[in-house]
Structure formats: structure tokens, C-alpha cells
Amino acid sequence: MKKFGLLCAGIALVALAAGCSHLQQPTSDQPDDSQKPPAKQAEGEPIKIGFIGPLTGDVANLGQDTLKATQLAIAEVNAEGGISGKPLELIAEDGACNAKASAEAGNKLINLDKIPVILGGLCSGETNAFAPTAEQNKVVVLSPCSSAPNITQAGDYIFRTYPSDTFQGKFAAEYAYNTLGKKQAAVLAVLGDYGQGIKNTFMGRFKELGGTIVLAEDYNQESRDLRTELTKIKAGNADMIYFIAYTEAGIVGLKQAKELGLTIPVLSGDALDDPKVHENSFAEGLMYTVPSAPLTEEWKQKVIAAGGNPTLCTPYAYNNVKIIADIMNRVGTDATAIKDELYKVKDYPGVSGPVTIDENGDLATATYDVKIVKNGKAEVMKTDADQEAGDQKPAGDDVNDDANTDAGEDAE
Amino acid sequence: MLNILPQLIANGLIIGAVYALVAAGFSLLFSTNRHLHFGHGAAITAGAYALYFTLTERRMPISSAIIIALLAAVLVGWLCFVLVYYPLKKKHASAVVLLIAGIGLLIFFENLFVLLFGTDVKVVDYIAVTKGLTILGAVITKLQLFMIAVSLALLYGLFLFLYKNKYGITMRAIANNPELAVLIGIDKTKFYHLSFVIGSFLAGVAGILIALERNVEPIMGTGLMVEGFISAVIGGVASVPGGILGGFILGIVENLGIGFLPSGFKGAIAFTILFIFLIFKPMGLFGIRKGTRGD
């Protein structure tokens, strides 16, 4: 009995220690350039780089695809001679789309595996969770999918090749107001860096244009019952819902909206660019914004052959490996040198279009598509180019019949 | 806000029906076995995945799918007892050890389902999604009415079993006073087995209903286990009728609460209720000190 009590206390302590490990700031692992091993690595010894993404839990669907695309790119790099003859080796860790798991994953990659580069995370909350440790330890982070605006300030070593939601939220607000002619939006957003970042830029721009936010509700990422939130929206007089969700809650929310008889259009964000959402009958008519990525059929087939699906984050993940490999081949595996080179990336011909990184480590420009779900498949409705062209016209010209000329404010 | 009140109550009843099923099984297991069975969540997930597998992947008729799902839930719950709790109990492990073992079981099965079915969310696309019926100002689908009905019917059945059936009465006797029950020649172990079968059966029903109503994912059992546990505490952990009432109360309070507060507070509301009960009414609404007295 006593033994068991002690044993369980021990187990509890270990569990606690593991749980809190992300709180400890690493101290002794500053990889100063003199002791950086990779440059003197033996022939054939692999160069390790890290990957963090949601392999379980929310968004696991997109995370697994992204890992497959990353592995595909690494296999291609290795087939073409690797990094100065040495192969790249990927160490993949599960960020589970939450801060705790990804902070632990980041600590492991940085302190134990001592990788110079982390590819990831996907969810903005993941990237923000390990970014401070990476920054302190001078480890380069290159995210293929995190979009929260606050990642712009995450640090010198933190990069992304996915556009910030300062673009997306603004684009969505303009699309809703000008093109859809909606004036009264209800906003339902997931709590966390992604949902709140895009929500704030959307609401700011929508109000600036002259629209009203009838109701703004947040929900927990793990929530699978949005009925009461939707009930409140239904009781208001919104003419559209801006619904920001990851796959799992997205499916539930769309289903419950239909069951409750909510008929106003639903506009969503890039995280619902997941076939898992589209294949449901109740997702019919869902609109969402997503960065334009003109992928070739050949590339898509390559990803499918590698066991993944060419979903949202895959082209960026694939690009990132190629960009890093290209830099490593030129400057070696020192993280600081890689960082300096990343700031110089300009018009890199990625599979999703040209990649240019700005002085904040963000993608310099972004164009968006609006997709609509029809017959279980998402199709592009209107391109960013149309929208931009529209913006340049005199006030009111490009808006729908029911939109009036106060849309002129968007000319600024 | 008054105009949405009927809908808020309906929303509370729908989810409350599921909480009640989980809480009733949990309370039954606690009162009979005298330890918190957090592995109970695994039986919910097992039921849900078995339904998904048989109905959506294997295209079996709904009747066989439901039977297999219930069997899977019962099997998982029973295995928890046979493979983990029973050997620990034979070594006179304390309730804390059994509690930790239960959390371990929950995590173990969560990972097992990840291994078997992958991490992505599964949709049981069986009932076409349409707008629900309007009843007393609330919109509610047929499935949701069915959920409430099934839950109430089963819980009534459980009540009859515990108060009218010979085995049920014996089970309550063990819950009341295990030592005395052994003295008068009751085989406690047999009833431990029975309680796990019945409790996991109820969890399986909850799993099936949730699978049809929402979707299926490996972590679903953990979330429902938390809500089920809070429901059980509200009603008095050792009281089965209390657990049922607690489930409905939690469902309604949660939904009424976020009807008026920002919805990000949902989890906070549930845990606030938990703390209020733990501090001011630790025996819950129906709990009696006799039933929860330690060994």
C-alpha cells in the first residue's frame, strides 16, 4: 500500500515535471558558432532539421498532409545530392495545434536534437509557443502555415512563407462588404492566436468600411457544441456570419447552423480549406478566403503519390524545404547565416508562386481567392486580381446591387 | 434575450442528456467500486468509433452497427476492470492509485484509437442534416429529440434495475456497506463485473449518440468524461439519480450561462459549478454521507 502511494506520487511528480518543462528557459544550449558541429560533420552523417505540426488532435488532417509534403521535398533534396553531399534528415514532432505540446516539441528539437532549423508550426498558437525559445537559442523557425498577425513580431529568427492574416482579415472584410454587399456581420471565432488575429483585422476593416459588427463571439478550440453561440447569432439581425474555425469545430458549427435553420451566408478563413469539411452536405455554400496558390496538376500528383493530399499548407511546406536546402548549400548549416540569407529571399520560384520575404520575416505580398463549396468540392469564386481591379474603380462600381455607395471608403 | 430562452434550454437538454448518461454510469461505478473510473471516457470513444467503423466504413445496417458499438464499449469498460483495476484491487491499491490508473487508461485508449483510426476527425454521415422542428419556440432535430428520449428511457430503466431488481438492490447494498455485504455472503467481485458492464453500456450509448450528433475523434471521451464527472459531483458522486439530474443541470446552466455571457466562458462556467459544489456541497444534491464514506 505504502509502496504504491510512493510509486504514484513519483509518477505524478514525473508527469508534472514533464508538463512544466516548457516553462524552464534553456540556458546552456546557446549554439555559438565555434562549437557548431554540422560544418565539420563526417561524410554521410545526416543534417538534422526539425518539423513541428499538428499530427494529432485538431487540424491533424492538414498536419499529416504537411508532413508528407515536407518529407517529399526532403527526399527530392537528398536525391539531388543533399546538402553538399550530406543527406537531410527530418525529425518530426507533434505540436497538436496547442501551445503546451508544441512548446515541449520545440524544447526537444532545440535542446536535445540541436537542430539549426525548425519547419513549422502550422497553427499560429504552435509557432508562438516555441518561437521565444528558438529565438533565444538562435534557431531558425520557418512556418509554412501560421498566419496570426502577432508572429510578425515573434523575433529575428522567426520566418514564415504563409501570408499574415493582416492581409486575409482585410481581404475578407472587403469581400464581404463590397462584393457580397453585407453590412451587418456576426463574428464567431476560435480562441487563440489564429482566430483572434484574423477576427480583429476583419472587424477593424469591416467597421472602417461602414459595416456593423452585430455580435462577436469566441469559443474554445476544443468546443464541439456551438449551438448556443449560433442561437445568439440567429436572434440578432446579422446578414452574414464570419466563422473562424479549425476543421473539427468547423464541421460541427456548420452542421448545427443548418439544424438551427440559420440561412445567412457563412464566410470563413483558410483553415477550413480542408476536404474533410467540404465533403459534408451541410457545408454546401460555405465560402472562405484562402491564399492563391496556382498549383500544377503534376505537383499535386506528386504529393498524392507521397501519401498526402495537396491541402492548404503543403505547397508552402514543400517550398520551405527547398528554400532551406538551397541556402544550406550556399552558406552551410549555421543558423545565423541561414537567418541572414532568409531575409534576402526574393522572388523565389515556389510551387505556390513567387516567394519574397520582407524585413519582418513575413511574406511580402499576398493574393487571395474566395472559394465556395459546391457538390462537396471547393471551387474558386473570385480571384484577388478581380478584387484589386474592383478596388481601383470609382466608388460603388464594383459592388453588388444591394450595396450602396458608402463603399467608397475602401478607396483609401 | 428572452426570445432565445426556449432555444437555450433545448440546447441544454440535448447535451444534458449525454452528460446524464455518462454521469449515471460513472456514479454507478463509483458507488459500487468506491473509486473514480476516469477510464470511463474510453468506453464512450470505443462506442463512437465502433459505430463509425461499422456504419460508415463497413456499411452495415444501423441495427447491427449499434449492437457492435455497444459491445465494443462494454468490452473496453470491462477490460479496464479485468486487466487493470481488479489486479490493483487485489493488491489493495488505494483509491488514488486506481484514479491515476484510470487516467492512464483514458490516455492509453485515446492513443489506441489514434493508432487504429488515425488522428483526423470522422464524420458518421448517416442522418441527413436538415433544419429541425420548431417546438415551443426552440428548433430541435428529430435526432436530438431521440437522444433525449433514449437517454431518459435508459435512465428510467437503470432506476428500475437499481430499485426493483434483485441484482440492482444487491448492488446498492454493496454501495451502502461493502463489509456488511460480504458478511452476509454477497460475492462483491461478481457485482464489480456487473457494474462495469452496465456503466460502460451507458457510456456506449452516449458515444453512439454523440457520434451521430457531432463527429468522432480520439479525444472526444476525455472531454465528455470531464463534463460527466462534473455532472456526477453536482448530483452526488455516489448517487445515480443525482448524476442524471446533475447532467441535465450542467447542460442547461452551461448553455444559459453562455447565452448571456461571452461563449468563451463555457468551460469556466462548468468548472465554477464544480468548485462551488466541491466547497459548499461536497456530497452533491442527492449524495448521502453513508454512501461515500471511505473504506
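Calculation notes
- Residues numbered from 1 in each chain as written.
- Chains lettered and ligands numbered in written order.
- Predicted model: local features only at pLDDT ≥ 70, side-chain atom pairs only at ≥ 80, totals over all residues.
- Heavy atoms only, no water.
- Helix = DSSP H or I, 4+ residues; strand = E, 2+ residues; numbered from the N terminus.
- Buried < 20%, exposed > 50% of the residue type's maximum accessible area, 1.4 Å probe, protein only.
- Areas by Shrake-Rupley, 256 points an atom, 1.4 Å probe, with all protein chains shown as cover.
- Rg over C-alpha atoms; globule rule 2.2 N^0.38 Å.
- Contact = heavy atoms within 4.5 Å.
- Core = buried A, V, L, I, M, F, W, Y, C linked by side-chain atoms within 4.5 Å.
- Salt bridge = Lys/Arg side-chain N within 4 Å of Asp/Glu carboxyl O.
- Nonpolar A, V, L, I, M, F, W, Y, C, P; charged D, E, K, R; others polar.
- Domains from an automatic or database assignment.
- Buried area = accessible area lost by both parts, 1.4 Å probe.
- Polar contact = N/O pair within 3.5 Å; in protein donor to acceptor, adjacent residues only side chain to side chain.
- Expected span 1.5 Å × (residues − 1).
- Patch = residues over 30% accessible without salt bridge, like charges linked within 9 Å, V, L, I, M, F, W, Y side chains within 5 Å.
- Disulfide = S-S within 2.5 Å.
- Pairing = 2+ DSSP bridges.
- Axes fitted to C-alpha atoms, helices over the stretch in contact; angles between N-to-C directions.
- Right-handed = clockwise from strand over helix to strand, strands pointing away.

What follows covers the overall build of chain A. For chain A, the helix and strand inventory stands at 13 helices and 14 strands. For chain A, with 412 residues in total, the buried portion stands at 58%. For chain A, the accessible area works out to roughly 15700 Å², and carbon and sulfur atoms hold 54% of it.

Scanning chain B for helices and strands turns up 12 helices and 2 strands. Listing every helix and strand of chain B by position from the N terminus yields α-α-α-α-β-β-α-α-α-α-α-α-α-α. Taking 2.2 N^0.38 as the reference for a compact globule, 295 residues should give roughly 19 Å; the C-alpha atoms of chain B span a radius of gyration of 19 Å, in line with that estimate. Projecting the C-alpha coordinates of chain B onto the three principal axes gives extents of approximately 60 × 45 × 35 Å. Put simply, chain B has 295 residues, and 56% of those count as buried. Counting contacts in chain B only where the partners sit at least 6 residues apart, residues at least 24 apart contribute 75% of the total.

This part is about the nonpolar core. Residues Phe26(B), Leu51(B), Tyr85(B), Val124(B), Val216(B) and Phe229(B) are the most contacted members of the largest nonpolar core, which totals 92 residues. Considering each element in turn, this core owes the most residues, 14 residues, to helix α1 (residues 5-33) of chain B. Not counting the four nearest positions on each side in its chain, Leu51(B) is found in contact with Thr56(B), Ala65(B), Ile66(B), Ala69(B), Val124(B), Ile208(B), Ala211(B) and Leu212(B). Residues Leu122(A), Ile198(A), Tyr219(A) and Val121(B) belong to the second largest nonpolar core, which totals 68 residues.

Glancing now at the interface of chain A and chain B. Residue-level contacts link 38 residues of chain A with 44 residues of chain B. Taken together, the links from chain A to chain B amount to 3 salt bridges. Between Glu213(B) and Arg227(A) there is a salt bridge, and its shortest N-O distance comes to 2.1 Å. For the side of chain A that touches chain B, the elements supplying multiple residues, two or more each, are α1 (2-20), α2 (60-79), β7 (212-219), α7 (227-235) and α8 (247-259) of chain A. Per element, the largest residue contribution to the side of chain A that touches chain B is 8 residues, and it comes from α8(A). Of the residues in the side of chain A that touches chain B, the class split is 12 nonpolar, 12 polar and 14 charged.

Another point: the domain arrangement of chain A. Residue and element names in this part refer to chain A. Parsing chain A into structural domains produces domain 1 (41-165 + 293-355) and domain 2 (167-292 + 368-406). Spacing between the C-alpha centres of domain 1 and domain 2 amounts to 29 Å. At the interface, 25 residues of domain 1 touch 23 residues of domain 2. When the buried area of domain 1 at its contact with domain 2 is split by residue, Asp58, Asp165 and Leu312 rank highest and sum to 33% of it. Between the two partners, domain 1 and domain 2, sit 0 salt bridges. Between domain 1 and domain 2 we count 12 residue pairs in polar contact (both at pLDDT 80 or more) in total. Broken down by secondary-structure element, the contributors of at least two residues to the side of domain 1 that touches domain 2 are α2 and α4 (124-136). In terms of residue class, the side of domain 1 that touches domain 2 is built from 13 nonpolar, 10 polar and 2 charged.

What follows is about helix α9 (residues 220-235) of chain B. Residue and element names in this part refer to chain B. A rise of 1.5 Å per residue sets the reference length of α9, with its 16 residues, at 22 Å; its end C-alpha atoms lie 23 Å apart and thus fit the reference within 8%. Burial analysis of α9 places 13 of its 16 residues in the buried class, the great majority of the element. Just downstream of α9, Gly236 is the residue with a positive phi angle, here 100°.

Residues and elements named next belong to chain B. Where nonpolar side chains cluster on the molecular surface, the patch consists of Val226, Phe271, Phe275, Ile276, Leu278, Ile279 and Phe280 and spans about 700 Å² of accessible area. In terms of residues, the nonpolar patch owes the most to one element, helix α11 (residues 266-280), which gives 6 residues. Position of Val226 among the secondary structure elements: in helix α9. Residue Val226 is classed as partly exposed on the basis of its relative accessible area, which comes to 32%.

Below, the discussion takes up the state of the cysteines. Residue and element names in this part refer to chain A. Counted under the stated rule, the structure contains 2 disulfides over all chains. In this model Cys97 forms its disulfide with Cys123; the gap between the sulfur atoms is 2.1 Å. The disulfide joining Cys97 to Cys123 has a torsion of about -105° about its S-S bond and is therefore left-handed. One end of the pair, Cys97, is in the loop between β2 (88-94) and α3 (99-112); the other, Cys123, is in the loop between β3 (117-120) and α4, and 26 residues separate them in sequence.

What follows deals with the sheet that holds strand β4 (residues 140-143) of chain A. All names here are of chain A. Spatially, the 5 strands line up as an open sheet ordered β2-β1-β3-β4-β5, and their pairing is parallel. This sheet does not close on itself; its edge strands, each paired only once, are β2 and β5 (158-160). On average, adjacent strands in this sheet sit at an angle of 25° to one another, irrespective of strand direction. Judged from the 3 bridges that link them, strand β1 (residues 47-53) and β3 form a sheet pairing that is parallel. Bridge pairing in β3 links Gly50 to Ile118.

Residues and elements named next belong to chain B. Mapping His35 onto the fold places it in the loop between α1 and α2 (40-57). For His35, a relative accessible area of 2% translates into the label buried. Residues contacting His35, with those up to four places away along its chain left out, are Leu29, Phe30, Tyr85, Lys89, Leu98 and Phe196.

Let us now look at the pairing of β7(A). In the case of a regular strand, side chains alternate between the two sheet surfaces. All names here are of chain A. One ladder, built from 7 bridges, connects strand β6 (residues 184-190) with β7; its direction is parallel. Counted as the bridge partner of Ala189 is Asp218 from β7. Following the chain from β6 across helix α6 (residues 193-209) to the adjacent parallel β7, one finds a crossover that is right-handed.

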